[in-house]
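# Analysis of the macromolecular model
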Amino acid sequence: VLRSLGIPTRVITNFNSAHDRNINLSIDKYIDISGKILHLTKDSVWNFHVWNESWFIRRDLGSFYDGWQVLDATPQERSKGIYQCGPASTRAIKEGDVNLDYDSSFVFAAVNADYVTWIHYSNKRKERIYSDTRKIGKFISTKAVGTNSRVDVTANYKYPEVKEISFKISYSQYKNSLMDDRKILVTAV
């Protein structure tokens, strides 16, 4: 419909799409102390989810948020009392501006939520035991114009994931670094 009105529109597919029911920006999985999964949340991760993007000028939010806007024709949650999603600015999603109107927090979670596992103890206490910050929002894609090729638009939704770098040093190097710290402290006094 939007294309017939002359509004640029494209279909977007998000792989490992989070469905954050309580809008806390994480997908929470609970287990008991034996490792059995507890069904304490309705959060889920879908293999993929599809929505549309359309190109709008955002006078309501300011020109910083002009450009591609997420519109979901199959929303699973109510927004302001009715089943709707968007238009949420992809710029707002990328920048983490989750307090804007039109479901930016829901779309942010769909592409960038943390996947967190908790142990739920019988006394109502819980403990976070695992957090995966890279699982959600993979290969966010659209179709290339004029071909059947995939175009990766993940960078429109989030900044590149930071790779963890481990540094290994010997105990003697660690001990020497502590000695250097002590020298600095003594010199400063």
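Scroll up a little and you will see the structure.
Residues numbered from 1 in each chain as written. Predicted model: local features only at pLDDT ≥ 70, side-chain atom pairs only at ≥ 80, totals over all residues. Heavy atoms only, no water.

### Points about empty space enclosed by the protein
Gaps left between atoms are located by rolling a probe of water-molecule size over the structure's atoms. Operational definition: Put plainly, a pocket is an open set of points on a 1 Å grid over the protein atoms alone with protein on both sides within 12 Å along at least five of seven lines, a cavity is a set where a 1.4 Å probe fits but cannot get out, and a lining residue has an atom within 4 Å of a point. Grid points are joined across faces, edges and corners, and a volume is the space filled by probe spheres set on the points. Elements are defined by DSSP. Helices are runs of H or I of four residues or more, strands are runs of E of two residues or more, and each kind is numbered from the N terminus. Residues are grouped as follows: nonpolar covers Ala, Val, Leu, Ile, Met, Phe, Trp, Tyr, Cys and Pro; charged covers Asp, Glu, Lys and Arg; every other residue, Gly included, is treated as polar.
Evaluation of the coordinates by the stated rule reveals 1 cavity of 30 Å³ or more. Put simply, the largest cavity is a space of about 100 Å³. If you trace the largest cavity, you find 13 residues lining it, with Ala18, His49, Asp72, Phe106 and Ala110 closest to the centre. For the lining of the largest cavity, the secondary-structure elements that each account for two or more residues are strand 1 (9–19), strand 4 (44–56) and helix 2 (104–112). Taken together, the residues of the lining of the largest cavity break down into 8 nonpolar, 4 polar and 1 charged.

### Description of the pairing of strand 11 (residues 138–143)
The condition that has to hold: Between any two strands, pairing holds if DSSP finds at least two bridges.
As defined by bridge partners, strand 1 adjoins strand 11 across 2 bridges and the pair is classed as antiparallel. Each residue of the ladder has a partner; that of Phe15, found in strand 11, is Lys138. Bridge count between strand 11 and strand 12 (residues 150–152): 3 bridges; the pairing is antiparallel. Residue pairing in the sheet places Ser141 in a bridge with Asp152 of strand 12. Turn length for the strand 11-strand 12 hairpin, with the two strands adjacent in sequence and antiparallel, is 6 residues, and the turn residue Gly146 shows positive phi of about 80°.

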